[in-house]
Amino acid sequence: MPRFFIDDEIEYENNASLPERISLTGEDAFHLSVSLRARVGDEVEVCTANGVELICKIASVSGGKKDPVVKLTPVDARKSEVEMPVEVTLFQGMPKGKKTDSIIQKCTELGVSRIVFVYTDHAVPELSDEEKKLTRFRRIAEEACKQCGRGKLVKIGILPDFESAIAEMKKSDLAFACYELEREGGIKSLLSRKANTVSFFVGPEGGISVREAELLKESGIPTVTLGKRILRTETAGSTVMSMLIYEKEL
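Below or above, wherever it landed, is the structure these notes cover. All values reported here derive from a predicted model rather than from experimental measurement. Per-chain numbering applies: the sequence of each chain, read as written, is numbered from 1 onward. Owing to the predicted nature of the model, reporting of local features is limited to residues with pLDDT of at least 70; listing and counting of side-chain atom pairs is limited to 80 or more, with chain, interface and lining totals taken over all residues. Note that water and hydrogens are dropped before the side-chain values are worked out from all heavy atoms of the structure.

### Some points on the environment of I10
For step 1, the next point in the chain: Under the scheme used here, helices are H or I runs from DSSP no shorter than 4 residues and strands are E runs no shorter than 2 residues, and both carry numbers assigned from the N terminus. As for its position among the elements, I10 is in the loop between β1 (3-5) and β2 (22-25).
For step 2, the next point in the chain: With 60 residues separating them in the primary sequence, I10 and V70 have C-alpha atoms 19 Å apart.
For step 3, the next point in the chain: Residue contacts follow a heavy-atom distance rule, with two residues in contact if any of their heavy atoms lie within 4.5 Å. Each residue touching I10, except ones within four places of it in the same chain, is listed here: P19, I22, T48, N50, V52 and L54.

Written out as structure tokens, the structure reads:
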């Protein structure tokens, strides 16, 4: 069944409290009405921003290829059962090239709630066309959410510096940074702590600078090792997410 995402949050007690209509426009409407050739009466799934999965029937299709609009009638609803029991944010040092795409895809599949790319001391400073980057990143995340059956969209953001990332990380119940020079700080005991929100930082190629390591220490955010081998930046985030799945889901 085709799956789509909307930005609205929908609270419901029973099916009688569902909205009468939901409208899809733009690329979603084009994909549904033109690419999939959907017709009135066909069923689709619509996932809300708060993880409610709506089973909808197509009520009408209008606008043609140029300006398509598909109106849906919700007929059933359920809370998504595929989301992680904790909200996890990956703060990722901005990597080179298309490594961003792989990070978004794999961490989305593994259940991350939010990915924030950060310009750090060792990140390539390309502070241009940020909106264009965000649009592409969000499209990749949405495609990955559809592919793996996520119940809500992964949020994507960009921060201009490491200090901003630290300020955001400190808002979480549990925050830590993966550091290749760490020798004693184990991740196992940290992940066993009770937390509703988790944030972790992964450095770009070149890792965390000495200055940034000092900032982490001053802020009280611990650094952890991920093992005896040095992982690529595009591998580390997926590794931590796999550990979180084992600890929090399985």
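### Examining helix α4 (residues 162-169)
For step 1, the next point in the chain: When accessible area is computed with a 1.4 Å probe and restricted to protein chains, residues below 20% of their type maximum are described as buried, those above 50% as exposed, and intermediate ones as partly exposed. Burial in α4 covers these residues: F162, A165, I166 and M169. Down the axis of α4, the buried set is contained in an arc of 100°. They therefore lie on one face.
For step 2, the next point in the chain: Looking at the buried residues of α4, the elements they touch are β6 (87-93), β7 (114-118), β8 (155-159), β9 (174-178), β10 (197-202) and α6 (210-219).
For step 3, the next point in the chain: By the criterion applied in these results, polar contacts are pairs of N or O atoms within 3.5 Å in which, for protein atoms, one can donate a hydrogen and the other can accept it, and in which residues neighboring in sequence qualify only through two side-chain atoms. Sitting at the amino-terminal end of α4 is D161, which places a side-chain oxygen 3.4 Å from the backbone nitrogen of E163. An arc is given here, and it is the one of the directions from the helix axis to the C-beta atoms.

### Observations regarding the state of the cysteines
For step 1, the next point in the chain: In plain terms, two cysteine sulfur atoms within 2.5 Å form what is called a disulfide here. Across all of its chains, the model carries 0 disulfides by this definition.
For step 2, the next point in the chain: Among the cysteines around C56, which has no disulfide bond, C47 carries the closest sulfur, lying 9.6 Å off.
For step 3, the next point in the chain: Here C145 stays free of any disulfide, with the sulfur of C148 as its closest cysteine sulfur at 5.8 Å.

### Details of unusual backbone geometry
For step 1, the next point in the chain: Phi is positive for R37, close to 55°, though the residue is something other than glycine.
For step 2, the next point in the chain: For R37, the position within the fold is in the loop between α1 (26-35) and β3 (43-47).

### Comments concerning the pattern of salt bridges
For step 1, the next point in the chain: Think of a salt bridge as a Lys or Arg side-chain nitrogen and an Asp or Glu carboxyl oxygen that are within 4 Å of each other. The tally for this structure, following the rule as stated, stands at 15 salt bridges.
For step 2, the next point in the chain: Close ionic contact of R3 with E45 constitutes a salt bridge, the shortest N to O distance being 2.9 Å. In this pair, R3 sits in strand β1 while E45 sits in strand β3, placing the two residues 42 residues apart along the sequence.
For step 3, the next point in the chain: Judged by its relative accessible area of 15%, R3 is buried.
For step 4, the next point in the chain: The residue K171 makes a salt bridge to E168 at a minimum N-O spacing of 2.9 Å.
For step 5, the next point in the chain: For K171, a relative accessible area of 62% corresponds to the exposed category.

### Quick look at the packing of helix α2 (residues 99-109) against helix α7 (residues 233-249)
For step 1, the next point in the chain: It is the contact of α2 with α7, at a shortest axis distance of 9 Å, that shows an interaxial angle of 10°. Our classification of the angle between α2 and α7 gives roughly parallel. From α2, K99, I103, K106 and C107 reach across to α7, where they touch T233, E234, G237, S238 and M241.
For step 2, the next point in the chain: Residues belonging to the contact of α2 with α7 are distributed by class as follows: 3 nonpolar, 3 polar and 3 charged. To get an axis, fit a line to the C-alpha atoms, keeping to the stretch in contact for a helix; angles then go from 0 to 180 degrees between the N-to-C directions. Relative orientations are named as follows: roughly parallel for angles under 35 degrees, roughly antiparallel for angles over 145 degrees, roughly perpendicular for angles from 65 to 115 degrees, and oblique for any other angle. All residues other than Ala, Val, Leu, Ile, Met, Phe, Trp, Tyr, Cys, Pro, Asp, Glu, Lys and Arg, Gly among them, are scored as polar; the first ten of these are nonpolar and the last four charged.

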